[in-house]
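Structural characterization, general
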Amino acid sequence: MKRSEFLKQSLVLAGASVVLPSFSAPVADSFSLPALPYAFDALEPHIDRLTMEIHHDRHHKAYVDNLNKALPAATKSLEEILATVSTQPVAVRNNGGGHWNHSFFWNVLGPAKGSKPSAALAKQIEADFGSFDAFKAEFTKSATSRFGSGWAWLIKKDGKLVISSTPNQDNPLMDVAEVKGQPILALDVWEHAYYLKYMNKRADYIAAFWNLVNWDFVSTNFSK
């Protein structure tokens with residue numbers, strides 16, 4: 001079997017199984033591009049079909065291909081590699097981060113279905129941010145203010161929820177991250193994630209993102 005994102009848990013999203021990203025694999029195996037858990041046009045009108053196709057089939061695939069070139073015979077899971085990424089070549093940091101981030105992000109998104117945070121997650125959000133609206137405002141600010149390309153994150157750290165952002169393809173699992181923790185929710189704010197539909201209006205893309213959050217997936221991340 002190729003280095004596949006094997007099933008850690010299953011959720012139901014629009015009738016399809018959602019696979020949480022995982023990267024453990026046998027020695028000398030290679031990383032592979034995970035399939036989207038929904039059709040390219042499933043996120044319309046918020047994210048258009050062409051953007052999703054290019055984002056997944058070209059951008060994400062390029063990270064996977066380049067990661068395999070940089071690590072042709074990896075002996076550790078990607079999470080383990082990212083935990084000590086400061087000891088790795090820059091190509092591993094950029095492409096390993098790009099592969100993990102996108103594998104996670106595809107599952108954060110889902111066709112609009114009105115899902116909500118679990119009771120436990122909603123309670124923690126209220127405890128750590130004051131209200132759900134305050135959380136959304138802070139996360140939106142983090143995503144909007146990230147200069148250039150990068151990501152906004154909701155992470156679990158020391159039993160609390162924390163919002164952070166990272167540049168390029170860095171993530172909170174990396175030992176180089178300013179704020180480290182377990183990712184719960186993420187938003188890609190690279191221009192290739194939204195430029196075809198929203199042009200330079202990142203704020204509009206971020207606002208649309210809230211219509212697509214798969215809270216079942218996010219809540220499961222929180223409860224792990």
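Above this text sits the structure in question.
Reading the values: the criteria
Residues numbered from 1 in each chain as written. Predicted model: local features only at pLDDT ≥ 70, side-chain atom pairs only at ≥ 80, totals over all residues. Heavy atoms only, no water. Pairing = 2+ DSSP bridges. Helix = DSSP H or I, 4+ residues; strand = E, 2+ residues; numbered from the N terminus. Axes fitted to C-alpha atoms, helices over the stretch in contact; angles between N-to-C directions. Parallel < 35°, antiparallel > 145°, perpendicular 65-115°, else oblique. Left-handed = near helix turned anticlockwise from the far one by under 90°. Contact = heavy atoms within 4.5 Å. Nonpolar A, V, L, I, M, F, W, Y, C, P; charged D, E, K, R; others polar.

With that settled, the discussion passes to the pairing of strand β4 (residues 160-167). For a regular strand, the rule is simple: side chains alternate between the two faces of the sheet. In terms of strand pairing, strand β3 (residues 150-157) meets β4 through eight bridges, oriented antiparallel. Each residue of the ladder has a partner; that of Trp 153, found in β4, is Ser 164.

Once that is clear, we can look at the packing of helix α1 (residues 49-70) against helix α3 (residues 90-108). For the pair α1 and α3, interaxial distance at closest approach is 8 Å and the crossing angle is 140°. Here α1 is positioned oblique relative to α3, judged by the angle of their axes. As for how α1 packs across α3, the hand of that crossing is left-handed. Side by side, α1 and α3 meet where Met 52, His 55, His 56, His 60, Ala 62, Tyr 63, Val 64, Asn 66, Leu 67 and Ala 70 of the first sit next to Ala 91, Val 92, Asn 94, Asn 95, Gly 96, Gly 98, His 99, His 102, Ser 103, Phe 105 and Trp 106 of the second. Taken together, the residues of the contact of α1 with α3 sort by class into ten nonpolar, eleven polar and no charged.

Strand order in the open sheet formed by three strands is β4-β3-β5, and the pairing between neighbours is antiparallel. Two strands in the sheet have a free side with no partner beyond their single neighbour: β4 and β5 (182-188). With direction set aside, neighbouring strand axes in the sheet form an average angle of 20°. Note: β3 against β5, six bridges, orientation antiparallel. By the bridge assignment, Trp 153 is partnered in β5 with Ala 186. Running at roughly 150° to β5, helix α8 (residues 215-223) makes contact with β3, β4 and β5 of the sheet.

Residue Pro 45 is bonded to the preceding Glu 44 through a cis peptide linkage, with omega at 5°. Note on placement: Pro 45 falls in the loop between β2 (16-19) and α1. Unusually for a residue other than glycine, Asp 158 sits at a positive phi of about 55°. By the secondary structure assignment, Asp 158 is in the loop between β3 and β4. Here the phi dihedral of Asn 168 falls at roughly 55°; this positive angle occurs in a residue that is not glycine.

Attention now moves to the packing of helix α5 (residues 132-145) against helix α7 (residues 202-209). Running from N to C, α5 and α7 cross one another at 145°; their axes reach a closest spacing of 10 Å. Crossing handedness for the pair α5 and α7: right-handed. Only Arg 202, Ile 206 and Phe 209 of α7 make contact with α5, whose side of the interface consists of Phe 139, Thr 140, Ala 143 and Thr 144. Tallied by class, the residues present in the contact of α5 with α7 amount to four nonpolar, two polar and one charged.

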